[in-house]
Amino acid sequence: MNIKRLSLNLSLGLALGSSLLFSETAFAQTPGFSSDVTGPIMTTSDVVNGAFIPDRGGRGRLAFRTEAIASAVNQAAASVNSQTANNSLGNVLTGTGNVAASASQLESGLVNATEGINPTLARNVVANLQGLTTNGRVDAVRLAAAVEAYNALINSSSGVFLSEPPDELLAIQSVLAALLNAAFGAG
């Protein structure tokens, strides 16, 4: 599972965004295609190089394919937690502090940005981030849901919003990219 990156070629990215969502690989991963993107491309349906599988309990949920992947993602979560400690995003991710106020602040930052976005989609992203890295542990289902909510937000956003993204969006993208890159690297 990949997350959409904000790029300098915004018009191309918007035009190809919906088709990338359903492809197995992204153009940035194709040899000869010039891109500044490294690691997993967050707009594709590729599930981070096979990092996720249905859990062994047969409950139809996702799990990390190997313990090495789970460990790498959890190490990335611990790093994210230390980097976001004492700020709104950190409170939301770890489920500590005043989570409701922090979530509201993140939503407001997204919605009130230039050419705002759909408030429901912003709320959905923040809701899916809540508790994502609690105690430095990431649940595969929660990570997949957060990436899906983020991608829905990006897909519905205007070009103006994406060309001048608010700090909140960049921070969310950075956190999700760190977690997915850890899964990709360990896979």
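The structure under discussion appears in the preceding block.
A few points on the structure.

Rules of the game
Residues numbered from 1 in each chain as written. Predicted model: local features only at pLDDT ≥ 70, side-chain atom pairs only at ≥ 80, totals over all residues. Heavy atoms only, no water. Helix = DSSP H or I, 4+ residues; strand = E, 2+ residues; numbered from the N terminus. Contact = heavy atoms within 4.5 Å. Areas by Shrake-Rupley, 256 points an atom, 1.4 Å probe, with all protein chains shown as cover. Axes fitted to C-alpha atoms, helices over the stretch in contact; angles between N-to-C directions. Parallel < 35°, antiparallel > 145°, perpendicular 65-115°, else oblique. Left-handed = near helix turned anticlockwise from the far one by under 90°. Nonpolar A, V, L, I, M, F, W, Y, C, P; charged D, E, K, R; others polar. Expected span 1.5 Å × (residues − 1). Salt bridge = Lys/Arg side-chain N within 4 Å of Asp/Glu carboxyl O. Core = buried A, V, L, I, M, F, W, Y, C linked by side-chain atoms within 4.5 Å. Buried < 20%, exposed > 50% of the residue type's maximum accessible area, 1.4 Å probe, protein only. Polar contact = N/O pair within 3.5 Å; in protein donor to acceptor, adjacent residues only side chain to side chain.

1. Considerations on the overall build of the chain
Thought 1: Looking only at helices and strands, one finds eight helices and two strands in the chain.
Thought 2: Along the chain, helices and strands appear, N-terminal first, in the series α-β-β-α-α-α-α-α-α-α.
Thought 3: Contacts spanning at least 24 positions in sequence make up 66% of the contacts within the chain whose residues lie at least 6 apart.
Thought 4: Element-wise, carbon and sulfur atoms account for 52% of the exposed surface of the chain, whose accessible area totals about 8,900 Å².

2. Quick look at the packing of helix α2 (residues 67–83) against helix α8 (residues 167–186)
Thought 1: Running from N to C, α2 and α8 cross one another at 150°; their axes reach a closest spacing of 8 Å. Judged on the interaxial angle alone, α8 and α2 are roughly antiparallel. Both α2 and α8 take part in a crossing whose hand is right-handed. Facing A68, I69, A72, V73, A76, A77 and V80 of α2, the residues of α8 in contact are V175, A178, L179, A182, A183 and A186.
Thought 2: Residue composition of the contact of α2 with α8, grouped by class: 13 nonpolar, no polar and no charged.

3. Considering helix α4 (residues 99–111)
Thought 1: The first and last C-alpha atoms of α4 sit 18 Å apart over 13 residues, in line with the 18 Å expected at 1.5 Å per residue.
Thought 2: The inward-facing, buried residues of α4 abut α3 (88–94), α5 (119–129), α7 (159–163) and α8.

4. Quick word on the pattern of salt bridges
Thought 1: Taken as a whole, this structure holds one salt bridge when the rule is applied.
Thought 2: Put simply, E107 and R123 hold a salt bridge, and the shortest N to O gap is 3.7 Å. Here R123 lies in helix α5 and E107 lies in helix α4, a separation of 16 residues in the sequence.

5. Describing the side chain of N91
Thought 1: The residue N91 is located in helix α3 in this model.
Thought 2: Beyond its immediate stretch of four places on either side in the chain, N91 contacts T96, G97, N98, V99 and S102.

6. Considerations on the side chain of T84
Thought 1: One can find T84 in the loop between α2 and α3.
Thought 2: Residue contacts for T84: discarding those within four places in its chain leaves L89, G90, L93 and V175.

7. Remarks on the nonpolar core
Thought 1: By size, the foremost hydrophobic cluster in this structure holds 41 residues, and its most contacted members are V73, L129, L132, L143, L176 and L179.
Thought 2: Those elements giving two or more residues to this core turn out to be α2, α3, α4, α5, α6 (140–156), α7 and α8.

8. Details of α6
Thought 1: In a regular helix each residue adds 1.5 Å, so 17 residues correspond to 24 Å; α6 covers 25 Å between its end C-alpha atoms and thus fits that length.
Thought 2: For α6, every residue scored as buried is listed here: A140, L143, A144, A146, V147, A149, Y150, N151, L153 and I154.
Thought 3: N-cap assignment for α6: the residue whose side-chain oxygen lies 3.2 Å from the backbone N of V141 is D139.

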